[in-house]
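Spelled out, the chains give:
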Amino acid sequence: MFTRVFLYYAVRCGIVQSYAFGYIFGYIFDIPIFSYTQKATSMAKIVFPLNPKQIDNAKPKEKNYPLFDGGGLYLEISPKGSKLWRMKFRLNGKAGLLSFGKYPDISLQQARIKREEARKQIAQGIDPREAKREQERQQVEQEAAKALHDENTFQKIALRLHVSKQGRTTDYYRNKMLRQFEIHLFPVVGEKNLKNIE
């Protein structure tokens, strides 16, 4: 029993890593050390969280390489020296990759917050990439609606009307109409959308 325990921990600690050594040792003591070696080599790699000093000291190499922070988050260092936050994830058995932005624009702390948000979405069965696209689409729609609202204010329509009347009426009439709008209407309803004026 003692020998089995010793061999198991020897494999786990890296003392015994050779299959040949395992076979010989196993043959002498009649212990299937091969299975211990398999268990040891298939264990997950321990990832220690990054710190800002490691990130700042990371130098470019010939090929892209990652600095792992854990939970799928890593910083990809390119040969040109750019540092991009990325996150690997799996959803419904399929691998995915997220991009959180460039370091130092996105700090280590901000990248970790984004990672946790993405992990919550994944836990709910939501693809973070689709959620991001939907959020961007809604933002574009809101901006377009605001721009349309701003274009259809009473003041802007009145000014467009003033310009469109040029050459069709006298300048005196056009300017008088505009002056009346400026005095009486623009201060009250100038910034309101036509739909909201009763």
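Scoring rules and cut-offs
- Residues numbered from 1 in each chain as written.
- Predicted model: local features only at pLDDT ≥ 70, side-chain atom pairs only at ≥ 80, totals over all residues.
- Heavy atoms only, no water.
- Pairing = 2+ DSSP bridges.
- Helix = DSSP H or I, 4+ residues; strand = E, 2+ residues; numbered from the N terminus.
- Axes fitted to C-alpha atoms, helices over the stretch in contact; angles between N-to-C directions.
- Salt bridge = Lys/Arg side-chain N within 4 Å of Asp/Glu carboxyl O.
- Buried < 20%, exposed > 50% of the residue type's maximum accessible area, 1.4 Å probe, protein only.
- Core = buried A, V, L, I, M, F, W, Y, C linked by side-chain atoms within 4.5 Å.
- Contact = heavy atoms within 4.5 Å.
- pLDDT = per-residue confidence, 0-100.

A. Seen up close, the sheet that holds strand 1 (residues 65-70). Spatially, 1-2-3-4 is the arrangement adopted by the 4 strands of the open sheet, whose pairing is antiparallel. In this open sheet, the two edge strands, each paired with only one partner strand, are strand 1 and strand 4 (94-103). Neighbour to neighbour, the strand axes of the sheet diverge by 30° on average, direction disregarded. Across 5 bridges, the pairing between strand 2 (residues 73-77) and strand 3 (residues 83-91) is antiparallel.

B. Seen up close, the pattern of salt bridges. Applying the stated criterion to the full structure yields 10 salt bridges. Put simply, Arg133 and Glu130 hold a salt bridge, and the shortest N to O gap is 2.5 Å. Here Arg133 and its partner Glu130 are both found in helix 6 (residues 128-151), 3 residues apart, which amounts to about one turn of the helix. Its relative accessible area of 46% is what places Arg133 among the partly exposed residues. Judged by its relative accessible area of 46%, Glu130 falls in the partly exposed class. Note that Glu182 and Arg179 form a salt bridge whose closest N and O atoms lie 3.5 Å from each other. Of this pair, Glu182 and Arg179 both sit in helix 8 (residues 171-189), 3 residues apart, which is roughly one turn of that helix. For Arg179, a relative accessible area of 47% translates into the label partly exposed.

C. Up close: the environment of Glu191. Relative to the elements of secondary structure, Glu191 occurs in the segment after helix 8. The class for Glu191 is exposed, based on a relative accessible area of 61%. Residues Glu191 and Gln155, spaced 36 residues apart in sequence, show a C-alpha to C-alpha distance of 6.4 Å.

D. Geometry of the nonpolar core. Formed by 20 residues in total, the largest nonpolar core has its most connected members in Ile55, Leu67, Leu75, Trp85, Met87 and Phe100. Only strand 1, strand 2, strand 3, strand 4 and helix 5 (108-123) provide two or more residues apiece to this core. With residues up to four places along the chain from it excluded, the contact list for Phe100 reads Leu73, Trp85, Met87, Ile106, Ala111, Lys114, Arg115 and Ala118. Core analysis: the second largest hydrophobic core is formed by 7 residues, Ala158, Met177, Leu178 and Phe186 among them.

E. Inspection of the confidence of the model for the protein at higher detail. Residue-level pLDDT values for the protein average 77, and 74% of them are 70 or greater. Throughout residues 14-20 the model reports pLDDT below 50, and contacts reaching past four residues in sequence, or to other chains, amount to 9 contacts. For residues 31-42, every residue scores under 50 in pLDDT, and the model assigns this stretch 24 contacts once sequence neighbours within four places are set aside.

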